[in-house]
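Architecture and fold: a report
Below, each chain spelled out in residue letters.
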There are 2 protein chains.
Amino acid sequence: MNDARPHRIDVALVHYPVVNRDGKIIGSAVTNLDLHDIARAGRTYGVEACWIVTPYADQRELAGQIVRHWTDGYGGTVNPDRREALSLVKICADLEEVIAGTTAKWGKQAAGTGHLRSAAGKDRKLCSGPGHATPKDEPLLLLFGTAWGLAPEAVAAADAVLPPIRGRSDFNHLSVRSAVAIILDRLLGE
Amino acid sequence: MNDARPHRIDVALVHYPVVNRDGKIIGSAVTNLDLHDIARAGRTYGVEACWIVTPYADQRELAGQIVRHWTDGYGGTVNPDRREALSLVKICADLEEVIAGTTAKWGKQAAGTGHLRSAAGKDRKLCSGPGHATPKDEPLLLLFGTAWGLAPEAVAAADAVLPPIRGRSDFNHLSVRSAVAIILDRLLGE
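Just so you know, these numbers come straight off a predicted model, no measurement behind them.

We now examine the nonpolar core. A:Leu142, A:Leu184, B:Leu142 and B:Leu184 are the most contacted members of the largest nonpolar core, which has 72 residues in total. Beyond its immediate sequence surroundings of up to four residues, A:Leu184 is in contact with A:Val11, A:Ala41, A:Gly42, A:Tyr45, A:Val47, A:Leu142 and A:Gly189.

The following block contains the structure:
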């Protein structure tokens, strides 16, 4: 165990406000496999909650139906591991709701300052390097943008911005599912 | 750059032989987003080719149609980044074809022994830790199993087996897409 790793961490997958390829602010559609992959990675790395953020009521309803199939329905019966992962998912309308939720559960528990530390990337290629471990007593909310990434207003609201994931090239177009997996491994992996 | 990182690396996503939840050997179906996510991660980390291995002709045809939409068709016109990633995909019928392909391109180039080093996991939760860097002159073929992971015969044919990805729990059910992203980052990330 790396003692510098935060002990309490949430992930938020943001569908609004994000930008499209032209940099315009849009709301993106919820992708079924995002829920599965991010919940499974979250469960693997000890994430407390995976927030799915979309202002569209029909998208929240769709996401809720998918999750309930695995948490309460037939899916969880035949695949308990998937139920365990998808039980981390919380669906909400906006970032304010995420902040309210994390503050409610962490606000009084947070040692020292008691405030939340947030990290967001300018785009979906959000990432952290080995030097970005946070104090273990400080809760961490990681924001990830879908589409072409978080809108500037969402980035500006964060306390910190993680650097882009770099491989061996300038190609920087990972899926948000892959980016979440890599960041969690860098921050929380053994 | 970490000089211990291999310079030539291929990834193979195996749909047969893999096992189901009961440990029986099956052939799994090709998943559209596997192609995208693994190709995008592969392109990010400098992978030479992403092999999609399935013995089913109709599945190879389907995978080929998906890839061509992005490499030759309309998809690549509107999204050149996706074209660049999916151009790494090679579709083939079995592992023998992968080995033949990698041997053909690497056989005479490989310094020293000239043989391929392969690594496979007992299941989809295949991974590597920091101690698993390979000599940089030795080409590396990474095998990943879909469904509940590579069949024992595929694991036995590999030269090495990478340890499971560990997070903060015993939960070990990442998607193969996430596992590929994490392993490439551990082996090849900055």
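Picking up after the structure, the text goes on.
Taken as rigid bodies, chain A and chain B are interconverted by a rotation of 180 degrees and an axial shift of 0.0 Å, the fit giving an RMSD of 0.0 Å. This pairing of chains is accounted for by a two-fold axis. Taken as a fraction of all interface residues of chain A, those also at the interface in chain B reach 100%, which identifies the copy contact as same-surface.

Another point: the packing of helix 1 (residues 32–44) of chain B against helix 7 (residues 176–188) of chain B. Residues and elements named next belong to chain B. For the pair helix 1 and helix 7, the least separation of the axes is 9 Å and the interaxial angle reads 5 degrees. If you check the angle between helix 1 and helix 7, you find them roughly parallel. Contact with helix 1, carried on its side by Leu-33, Asp-34, Asp-37, Ile-38, Ala-41 and Gly-42, involves Val-176, Arg-177, Val-180, Ala-181 and Leu-184 of helix 7 and no other residues of that element. A per-class count over the contact of helix 1 with helix 7 returns seven nonpolar, one polar and three charged.

All names here are of chain A. Between the first and last C-alpha of helix 2 (residues 57–71) there are 20 Å, a value that for 15 residues agrees with the 21 Å anticipated at 1.5 Å per step. Among the residues making up helix 2, those that are buried are Gln-59, Ala-63, Gly-64, Ile-66, Val-67, Trp-70 and Thr-71. Buried positions in helix 2, seen along its axis, are confined to an arc of 165 degrees and lie on one side of it. Of the residues in helix 2, the exposed ones pointing more than 90 degrees away from the buried face are Ala-57 and Asp-58. Tucked inside the fold, the buried residues of helix 2 contact helix 1 (32–44), helix 3 (74–78), helix 4 (80–86) and strand 5 (89–92).

Before going further, it helps to spend a moment on the pairing of strand 1 (residues 9–14) of chain A. Residue and element names in this part refer to chain A. Among the six residues that make up strand 1, six are buried, leaving the element largely enclosed by the rest of the structure. Alternating residues of strand 1 divide into Ile-9, Val-11 and Leu-13 and Asp-10, Ala-12 and Val-14, and every residue in both groups is buried. Here six bridges tie strand 1 to strand 7 (residues 140–145), and the two strands are oriented parallel to one another. Within the sheet, the bridge partner assigned to Ile-9 lies in strand 7 and is Leu-140.

All names here are of chain A. In this model, chain A carries an average pLDDT of 84, and 81% of its residues clear a pLDDT of 70 or more. The element-level mean pLDDT for chain A is lowest in strand 6 (residues 117–120), coming to 47, with strand 5 highest at 98. In the model, residues 108–118 has pLDDT below 50 throughout and makes 25 contacts with residues more than four positions away in sequence or in other chains. Within the model, pLDDT remains below 50 along residues 121–133, and this stretch shows 54 contacts once partners closer than five positions in the same chain are excluded. In the model output, the complex is listed with pTM 0.87 alongside ipTM 0.87.

Let us now look at unusual backbone geometry. Residue A:Pro17 is bonded to the preceding A:Tyr16 through a cis peptide linkage, with omega at 0 degrees. Mapped onto the secondary structure, A:Pro17 falls in the loop between strand 1 and strand 2 (18–19). At B:Ala147, a residue that is not glycine, the phi angle is positive and equals roughly 55 degrees. Relative to the elements of secondary structure, B:Ala147 occurs in the loop between strand 7 (140–145) and helix 6 (152–156). Residue classification places B:Ala147 among the buried positions, given a relative accessible area of 14%.

Next up on the list: the state of the cysteines. Enumeration according to the criterion identifies zero disulfides over all chains in this entry. Just so you know, B:Cys92 is unpaired, no disulfide at all, and the nearest cysteine sulfur is the one on B:Cys50, 12 Å from it.

Let us look at the environment of A:Ala154. All names here are of chain A. Within the fold, Ala-154 resides in helix 6 (residues 152–156). Residue classification places Ala-154 among the buried residues on the basis of a relative accessible area of 3%. Linking Ala-154 and Gly-42, residues 112 residues apart in sequence, is a C-alpha distance of 22 Å.

Basis of the calculations
- Residues numbered from 1 in each chain as written.
- Chains lettered and ligands numbered in written order.
- Predicted model: local features only at pLDDT ≥ 70, side-chain atom pairs only at ≥ 80, totals over all residues.
- Heavy atoms only, no water.
- Core = buried A, V, L, I, M, F, W, Y, C linked by side-chain atoms within 4.5 Å.
- Buried < 20%, exposed > 50% of the residue type's maximum accessible area, 1.4 Å probe, protein only.
- Contact = heavy atoms within 4.5 Å.
- Least-squares fit on C-alpha atoms with pLDDT ≥ 70 in both.
- Axes fitted to C-alpha atoms, helices over the stretch in contact; angles between N-to-C directions.
- Helix = DSSP H or I, 4+ residues; strand = E, 2+ residues; numbered from the N terminus.
- Parallel < 35°, antiparallel > 145°, perpendicular 65-115°, else oblique.
- Nonpolar A, V, L, I, M, F, W, Y, C, P; charged D, E, K, R; others polar.
- Expected span 1.5 Å × (residues − 1).
- Arc of directions from axis to C-beta.
- Pairing = 2+ DSSP bridges.
- pLDDT = per-residue confidence, 0-100.
- Disulfide = S-S within 2.5 Å.

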